[in-house]
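Here is how the chains run, residue by residue.
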Amino acid sequence: MSYSVSLNVKLDSNNMLCCKEIINLLLKTGWNIQKNSNITFLPLNDDDMFEWTTSETTLSDFIKLVDEKEYLEETVGVELYWEDTDIGGHLLMFNNSDFSFDLNINTKYIGEKVKIPDFNWYAERIIPYLSQEYHIIEYKFEFIF
């Protein structure tokens, strides 16, 4: 059985936003993109094939890749983990104002038996920080079963 859980966010596009700004904000607020010195991301010229790549790269080299992908209007993707836990997901940035955080790595649930995602756990770790810096037009959780 397959399902998908995500947090989808739309920011006010009147402000000039860069993908790296969103990533840096998440990094400052407890999220981490490095796991065992590796970063998992969507490579340049991925053509929306979502061929995730894991590489031992520095944060500054990764940010350069983000800038290049954004310039080429490609989807920016990176794997994120909460602090030093194994709870995380894939951040997908489609443009400067729309992004999705797929809750697909050790998803946090309210109860294991019923498999109801703990949406509040994720919202508390993302939405307040975004709203301090940006005008959020809309955010919604999506659960596809």
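A quick note: this is a predicted structure, and the numbers were derived from the prediction, not measured.

**Observations regarding the packing of aromatic side chains**
Throughout the structure, instances matching the rule amount to seven aromatic pairs. Centre to centre, the rings of F41 and F62 are 6.0 Å apart; their planes meet at 55 degrees, and the pair counts as tilted. Of the two residues, F41 is situated in strand β4 (residues 38-41) and F62 in helix α2 (residues 59-71); the sequence distance between them amounts to 21 residues. Just as F41 is buried, F62 falls in that class too. Here a set of aromatic residues connected by ring pairs shows up, and it is made of W31, W82, F101, W121 and Y122. Sitting over the face of the ring of Y81, K35 holds its NZ or CZ atom 4.5 Å from the ring centroid. Lying across the ring of W82, R125 places its NZ or CZ 5.3 Å from the centre.

**Let's talk about the pairing of strand β6 (residues 76-82)**
The side chains of a regular strand alternate, first on one face of the sheet and then on the other. With seven of seven residues buried, β6 lies mostly within the body of the structure. Burial of β6 is two-sided: the residues V76, V78, L80 and W82 facing one way and the residues G77, E79 and Y81 facing the other way are all buried. Pairing analysis gives two bridges linking strand β2 (residues 31-32) to β6, with the strands arranged antiparallel. Residue pairing in the sheet places W31 in a bridge with W82 of β6. The hairpin formed by β6 and strand β7 (residues 88-93) contains five residues between the paired strands, and E83 there has a positive phi angle of roughly 45 degrees.

**Considering empty space enclosed by the protein**
Taken as a whole and assessed by the stated rule, the structure comprises one cavity of 30 Å³ or more. Its residues assigned to classes, the lining of the largest cavity shows seven nonpolar, no polar and no charged.

**With respect to the environment of T107**
By the element assignment, T107 lies in the loop between β8 (98-105) and α3 (119-133). Taking the relative accessible area as the measure of exposure, T107 reaches 12% and is therefore buried. The sequence separation of T107 and I33 amounts to 74 residues, and the corresponding C-alpha distance is 16 Å. The contacts of T107, once residues within four sequence positions are left out, are P117 and Y122. At 2.6 Å, the side chain of T107 and the backbone oxygen of L103 are in polar contact.

**With respect to the confidence of the model for the protein**
Across the protein, pLDDT averages 92, with 98% of residues at or above 70. The secondary structure element of the protein with the lowest average pLDDT is strand β9 (residues 136-144), at 92, and the one with the highest is β4, at 98.

**Quick word on the pairing of β8**
Buried residues dominate β8, accounting for six of its eight residues. As paired strands, strand β1 (residues 4-11) and β8 are joined by five bridges and run antiparallel to one another. When the sheet's bridge partners are listed, S6 is paired in β8 with D102. The pairing of β7 with β8 spans five bridges and is antiparallel. Within β8, the residue paired with L91 across the bridge is F101.

Rules behind the numbers
Residue positions are given per chain, counting from 1 as you read along its sequence in written order. Note on the predicted model: pLDDT of at least 70 is required for a residue's local features to be given, and 80 or more for side-chain atom pairs to be given and counted; whole-chain, interface and lining totals, by contrast, use all residues. As a rule here, side-chain values cover all heavy atoms of the structure and leave hydrogens and water aside. Side-chain rings of Phe, Tyr and Trp (the six-membered ring for Trp) are treated as a pair once their centres are within 6.5 Å; stacked means planes under 30 degrees apart, edge-to-face means over 60, and tilted covers the remaining angles. For the purposes of this entry, the term helix denotes a DSSP run of H or I that reaches at least four residues, the term strand denotes a run of E that reaches at least two, and both are numbered from the N terminus. Classification of residues uses two cut-offs on accessible area relative to the type maximum, computed with a 1.4 Å probe and protein chains only: under 20% is buried, over 50% is exposed, and between them is partly exposed. Criterion for a charge above a ring: Arg CZ or Lys NZ at most 6 Å from the ring centre, at most 35 degrees from the ring normal. For two strands to be treated as a pair, DSSP must find at least two bridges joining them. Put simply, the grid is 1 Å and covers the protein atoms alone, a cavity is a trapped set of points that fit a 1.4 Å probe, a pocket is an open set with protein on both sides within 12 Å along at least five of seven lines, and lining residues have an atom within 4 Å of a point. Grid points are joined across faces, edges and corners, and a volume is the space filled by probe spheres set on the points. Note on residue classes: Ala, Val, Leu, Ile, Met, Phe, Trp, Tyr, Cys and Pro are nonpolar, Asp, Glu, Lys and Arg are charged, and everything else, Gly too, is polar. Residue contacts are defined here by distance: any two heavy atoms, one from each residue, within 4.5 Å place the two residues in contact. Polar contact criterion, stated in full: a pair of N or O atoms within 3.5 Å, where within protein one must be able to donate a hydrogen and the other to accept it, and residues adjacent in sequence count only if both atoms are side-chain atoms. Known as pLDDT, the predictor's confidence for each residue is given on a scale from 0 to 100.

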